[in-house]
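# Chain and residue survey
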Amino acid sequence: QSDVAGDLANILLTEEEISAKLDELAAKIDADYAGQDLLLVGVLKGAVMAMADLARRLHHPVQMDWMAVSSYGSGTKSSGVVRILKDLDADLTGRNVLIVEDIIDSGLTLSWLVANLRSRGPASVEIATMLRKPDAAKVEVDVRYVGFDIPNEFVVGYGLDYAEKYRNLPFVGTLAPHVYS
Ligand code: PRP
Ligand code: MN
Ligand code: MG
């Protein structure tokens, strides 16, 4: 097996750009939630990198919990039908919840998730996402913290996968055509 870097066509966001953006987002979150309870909810598996890197930049004493959902079924397009594969351990009653995601693509996963978490009686539910594709939106999702708006291209790295690969790349890029064939 050759180095995964050979599978990339173009680097969209470097490790340094991602790091600088995380510093910015963490400072905003610290300021916005000062003196308040905060529970970070990471969405497995894509959000693992964003969650780990964001959480360790916060000075705020947060708790971290995880959900796993499946939205794609057997196809490759998001259907809006979301299934909970792993639910939260935490009770959300009266909590300030901040969902941490790697990317908002169609918005279907998050719009479902926000509604689901809001039904559990939290004090608030907000979203922090590293990436967003405005041109791919099928539903509008109200996002409080966005890292980068990116073009409607298939990207991998920094948690994002293609067939479960490339999540561990520390940067975000597009795949070379030969990977798909
Ligand atoms: C990806 C991504 C987001 C979601 C965004 O997750 O991590 O969670 O899709 O797509 P949407 O806005 O069109 O709903 P995926 O379902 O591939 O699972 P994964 O995080 O385990 O890769
Ligand atoms: Mn995901
Ligand atoms: Mg995926």
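Residues numbered from 1 in each chain as written. Chains lettered and ligands numbered in written order. Predicted model: local features only at pLDDT ≥ 70, side-chain atom pairs only at ≥ 80, totals over all residues.

### Thoughts on helix 1 (residues 15–32)
The end-to-end C-alpha distance of helix 1, which contains 18 residues, comes to 26 Å, matching closely the 26 Å that a straight helix rising 1.5 Å per residue would cover. Listed in full, the buried residues belonging to helix 1 are I18, L25, A26 and I29. Down the axis, helix 1 shows its buried residues gathered within 105 degrees of arc, on one side only. Turned more than 90 degrees away from the buried face of helix 1, the exposed residues are E16, A20, E24 and A31. Of the surrounding secondary structure, the elements contacted by the buried residues of helix 1 are strand 1 (8–13), helix 2 (48–55), strand 6 (124–132) and strand 7 (145–149). (Helix = DSSP H or I, 4+ residues; strand = E, 2+ residues; numbered from the N terminus. Expected span 1.5 Å × (residues − 1). Buried ≥ 20, exposed ≤ 12 C-beta atoms within 10 Å, placed from the backbone. Arc of directions from axis to C-beta. Contact = placed C-beta atoms within 7 Å.)

### Regarding the sheet that holds strand 4 (residues 83–86)
Strands sit in the order 4-3-2-5-6-7 across an open sheet of 6 strands; the sheet is mixed. Two strands lie at the open edges of the sheet, namely strand 4 and strand 7, each paired on one side alone. With strand direction ignored, the average angle separating the axes of adjacent strands in the sheet is 30 degrees. Note that strand 5 (residues 96–104) and strand 6 share 8 bridges and pair parallel. The partner of I104 across the bridge, within strand 6, is R132. Of the strands in this sheet, strand 2 (39–44), strand 3 (63–70), strand 5 and strand 6 are in contact with helix 2, which crosses strand 2 at around 155 degrees. (Pairing = 2+ DSSP bridges. Axes fitted to C-alpha atoms, helices over the stretch in contact; angles between N-to-C directions.)

### Some details on the nonpolar core
Counting 38 residues, the largest nonpolar core has L98, I99 and V100 as its most contacted members. Top contributing element to this core by residue count: strand 5, with 6 residues. Contact partners of V100, with chain neighbours within four places excluded, come to L40, V41, G42, A47, A50, M51, L54 and A128. (Core = buried A, V, L, I, M, F, W, Y, C linked by C-beta atoms within 7 Å.)

### Structural notes on the pairing of strand 2
Counted residue by residue, strand 2 has 5 buried out of 6 residues, so it is predominantly covered. One ladder, built from 6 bridges, connects strand 2 with strand 3; its direction is parallel. Pairing of L40 across the sheet is with M64, part of strand 3. Note that the unit made of strand 2, helix 2 and strand 3 has a crossover that is right-handed. Direction of pairing for strand 2 relative to strand 5: parallel, over a ladder of 4 bridges. Across the sheet, L40 pairs through a bridge with L98, a residue of strand 5. (Right-handed = clockwise from strand over helix to strand, strands pointing away.)

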